[in-house]
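Listed here are the chains, written in short residue letters.
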Amino acid sequence: MSRTSTPSTAASADPLVVVVDDDADLRQALSSLFRSIGLQVQLFGGTAELLAAKLPDVPRCLVLDIRLPGVSGLDFQSQLGRTGIDMPTIFMTGHGDIPMTVRAMKAGAVDFLTKPFRDQDMLDAVATALALDRERRAVQQALSDVQGHYESLTPREKQIMALVTSGLMNKQVAAEVGLSEITVKIHRGHVMRKMGARSLADLVRMAETLGLSAAKG
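Residues numbered from 1 in each chain as written. Predicted model: local features only at pLDDT ≥ 70, side-chain atom pairs only at ≥ 80, totals over all residues. Heavy atoms only, no water.

### Structural notes on the packing of helix α1 (residues 24–35) against helix α5 (residues 119–151)
With their axes 11 Å apart at the nearest point, α1 and α5 run at an angle of 65° to one another. With respect to the hand of their crossing, α1 and α5 are arranged in right-handed fashion. On α5, the residues that touch Leu30, Leu33 and Phe34 of α1 are Asp119, Met122, Leu123 and Val126. Residues belonging to the contact of α1 with α5 are distributed by class as follows: 6 nonpolar, no polar and 1 charged. (Axes fitted to C-alpha atoms, helices over the stretch in contact; angles between N-to-C directions. Helix = DSSP H or I, 4+ residues; strand = E, 2+ residues; numbered from the N terminus. Left-handed = near helix turned anticlockwise from the far one by under 90°. Contact = heavy atoms within 4.5 Å. Nonpolar A, V, L, I, M, F, W, Y, C, P; charged D, E, K, R; others polar.)

### Here we look at the pairing of strand β7 (residues 89–93)
Most of β7 sits inside the fold, with 5 of its 5 residues counted as buried. Of the two faces of β7, the one lined by Thr89, Phe91 and Thr93 and the one lined by Ile90 and Met92 are each fully buried. By the bridge criterion, 4 bridges tie strand β4 (residues 60–65) to β7 in an arrangement that is parallel. Note that in β7 the partner of Val63 across the bridge is Ile90. (Buried < 20%, exposed > 50% of the residue type's maximum accessible area, 1.4 Å probe, protein only. Pairing = 2+ DSSP bridges.)

Written as structure tokens, this is what we have:
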């Protein structure tokens, strides 16, 4: 059965550490360790419990025993990725070996700790994992913002954006789409405003983020 620490409302935005291990004593020890530095913690004795849980949308990481009843931690990490639950992972094991470590690191593990490990080693690994997740979330949010702005453009504005960011001058864009140069300038101004671009260089970076090309206009 899973057990979850109960953060206060004020602390609800604190980063989360998800612990999956069938050793109840270790789960509780890790819970105390992480809560001592102000982190939220959710504890699970097995993988099925985690898959059924609703995790808060905050920076988070997974501390996972590599040997679990019914499934290996490595296989479960792959399963999580397929279900859209994306968290940097720290593996724990009482039976570490080099091939297993290599496989874990190639699968994207942040760290691989052999039991018994020092508290500070675990805290350092968790700090690294949470920093990675914050960075991932910032990138995703930036992409989401750009996509939202782009969807606010009219079809003509999308076409103008693709052409302008491909390097064409206003006069060349006008010839390409059959509009007057002044009309192209007006559309371009609307695009800059709606996209929140402060310069053409900003707009070009946004187009690259979106994967735009003149052909997609």
